[in-house]
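# Overview (structure and organization)
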Amino acid sequence: MWELVENLFCGFSKARWAACCAVHGAGSFHTRARRREETHPVWDSETMAVSKHTNVTEANNGMQIKTILNRIQKQRGFVYGPVRLVEEVEGLALYVEIYPHERSRPRCSGCGRRGGHYDTIGLRQFEFVPLWGLRVFFLYLMRRVHCRTCDAVRVETVPWAEGKRSVTTTYAWFLARWAKRLSWREVAVVFHTSWDQVFRAVAMAVAWGRAHVDLTGIEAIGLDEIQWQRGHRYLTLVYQIDAGRKRLLWIGQERRVKTVLRFFRWFGRDRTAALRFVCSDMWKPYLKVVAKKAGHALHVLDRFHIAMHMSKAIDEVRRSEVQDLRRQGRQPWLTKARWLLLKRPDHRTADERTRLKDLVRHNLKAVRSTLLREAFDPFWTYRSVDWAGAFLDAWCVQVMRSKIEPMKKVARMLRRHRPLLLNWFRARGQISAASVEGLNNKAKLTTRKAYGFRSYRCIEIALYHTLGQLPEPEVTHRFC
Ligand SMILES: [Zn+2]
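Residues numbered from 1 in each chain as written. Predicted model: local features only at pLDDT ≥ 70, side-chain atom pairs only at ≥ 80, totals over all residues. Heavy atoms only, no water.

### As for the pattern of salt bridges
Going through the model one piece at a time under the given rule, you end up with 16 salt bridges. Note that Glu405 and Arg412 form a salt bridge whose closest N and O atoms lie 2.7 Å from each other. Owing to a relative accessible area of 41%, Glu405 belongs among the partly exposed residues under this scheme. One salt-bridge network, held together by shared partners, links Arg177, Lys180, Glu472 and Arg478. (Salt bridge = Lys/Arg side-chain N within 4 Å of Asp/Glu carboxyl O. Buried < 20%, exposed > 50% of the residue type's maximum accessible area, 1.4 Å probe, protein only.)

Right, dumping it as C-alpha cells:
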C-alpha cells in the first residue's frame, strides 16, 4: 500500500503538480504535506493517474540528501522535506520539497519585511545545482504576505531565488563560475540547460560583481581598443595595469572622445586624481581626453601598440609589392611569405632560407621593412631616457631615408609622439610591460568565443565576466 501511495506522490510532472494543486486547493497542501510527514500520507484518488512515461523510484537516501542540504545550503525559516527521485522524459531528476518553518512569517517581495501569511498561491519549482548528473529541483508552495509597510498583499520572497527566477541563486552562481572556464554553449550542454539560462546567470554574476567592485588603489590604467564586429566597429577597454593587479575596469562602445569621457565620468574625479600612469595607443581621441582629464599622470605609449603599427606597415608594403610584381607579369613571391618574413632567423629551415634569398632579390622593400623593425627592438632595452631618445632619432632618420612610405609614416608618428614614447622609460618597472598585450589577447579570445551573439550587451557581459576579476558573494559552500 505504501509503495502505491509513494508512486502516486512521486509520479508528478510539472503539469501534474499544477493539476494537483488545483484539485486540492493550494492552501491545503502544507497541512496535508505535514500530516503526510508524520504519518504516511493518504492522497486523494484524483492524483492516482500515474503517467506511463514516468517510472518512479523511491529515494531511500532522502534523509542523507536532506542532511547534506542542511549542511551546505541551510535556508533560514524553512525546512527541507522529502526528497524524491523521478524518472522524467529528459532523464532522472531529484525533487526536494521545502516547507516554511512553522513559526516563520513570509517576507514581502516589495520591501523585504516580514508580514502576516495571507494565503498560498501555487507551487513553484526552482532548479538547483545538479547532483551525480541528475537535475535537482526545489518544490515550494509560494505564500502571499499581507504587508503593512507596502499596505498591500504581495507574493513572498524566498531566500534561495531572486524575484521570478526559476533557477536558484546558488545554481546561477554555479553556472556563472563554469562560464568562466567553458564557453556559454558548452556550459549549457554539459549541465543540460539552455544558453539563455547560462547567459542570465552570467549577467546576474556581472551585475552583482559590478555593484560590489572595489576601485580603491588604482594607480595605472591602460586604454585599448578591440574590433568586435565585421567592419570597423570598436570597443574601448580600460584596464587596471598596476604591477600587483591587472583586470578590466570598464568597457565602452566606439573609440571616440565621448567614449573616453564617459569612462572618466564613471571613474570619478578623486580616483582620476590618484592616477599615476596612463598607458594607451596613439589614437587621437585617447590622447586628447587623457591629456585633458588626467594630465597630471605620466602618459605612456606602450610597446605593444607600437609593434602593432609596425606590423601593419610591413603588411602594407608586402601587399603593394605583390601587386607591383603581378602588374609586371612576374611571380608574386610575397603572397605566401608573410610568416617567412616574420619568423626568427634561427627558426628558418634550409628551404625557407632559399626562398628568403629569392625574396630578397625580388622583394627588397618588404624585407628591408622587416629589417628596420628588427633594428628598432634594442630601443626597449635602454635604461636612460636620453640614450633611448638618441636611438629613436637615429632610427627615424634611417627610416626616412628608406623611401618606404608606410614605414616612413610610422617613423613620423613616433617622432610626433616622442615625449610620450620616452615616458615608457620614466615609468619603467612601475607598470607591467606586457599587461595591456596580455589583456588584449584575452579580450580578443573572449569576443571570438562570444562570436555568434552579436549584441553589444552580450560582449560586454562576457568581457566583464572573464577579465573583470569581479567579486562574488561570500558563501558557506562552493559548488565548483
Ligand atoms: Zn512590503
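After that view, the rundown keeps rolling.
### Things to note about the coordination of the zinc ion
Cys108 (SG), Cys111 (SG), Cys147 (SG) and Cys150 (SG) make up the full set of protein donors to the zinc ion, lying at 2.1 to 2.3 Å. The coordination sphere of the zinc ion comprises 4 donor atoms, whose angles at the metal cover 97 to 113°; the geometry is tetrahedral. Along the chain, the residues donating to the zinc ion fall in the pattern C-x2-C-x35-C-x2-C. (Donors = N, O, S within 2.8 Å, 3.2 Å for Na, K, Ca; no water. Tetrahedral: all angles 85-135°; square planar, octahedral: opposite > 155°, others 65-115°.)

### A few points about the nonpolar core
Core analysis: the largest hydrophobic core is formed by 115 residues, its most contacted members being Phe376, Phe379, Trp395, Leu414 and Leu463. Ignoring anything within four residues of it in the chain, the contact list for Phe379 reads Ala388, Phe391, Leu392, Leu421, Leu422 and Phe425. Core analysis: the second largest hydrophobic core is formed by 5 residues, Val86, Ala93, Phe137 and Leu139 among them. (Core = buried A, V, L, I, M, F, W, Y, C linked by side-chain atoms within 4.5 Å. Contact = heavy atoms within 4.5 Å.)

### A few points about the packing of aromatic side chains
Within the structure shown, the criterion is met by 31 aromatic pairs. Considering the side-chain rings of Phe263 and Phe264, the 5.0 Å spacing of their centres and the 65° angle between planes classify their relative orientation as edge-to-face. Taking relative accessible area as the criterion, Phe264 reaches 4% and is therefore assigned buried. Between Arg255 and the ring centre of Tyr234, over which it is positioned, the NZ or CZ distance is 3.7 Å. (Phe/Tyr/Trp six-rings, centres within 6.5 Å; stacked < 30°, edge-to-face > 60°. Lys NZ or Arg CZ within 6 Å of the ring centre and 35° of its normal.)

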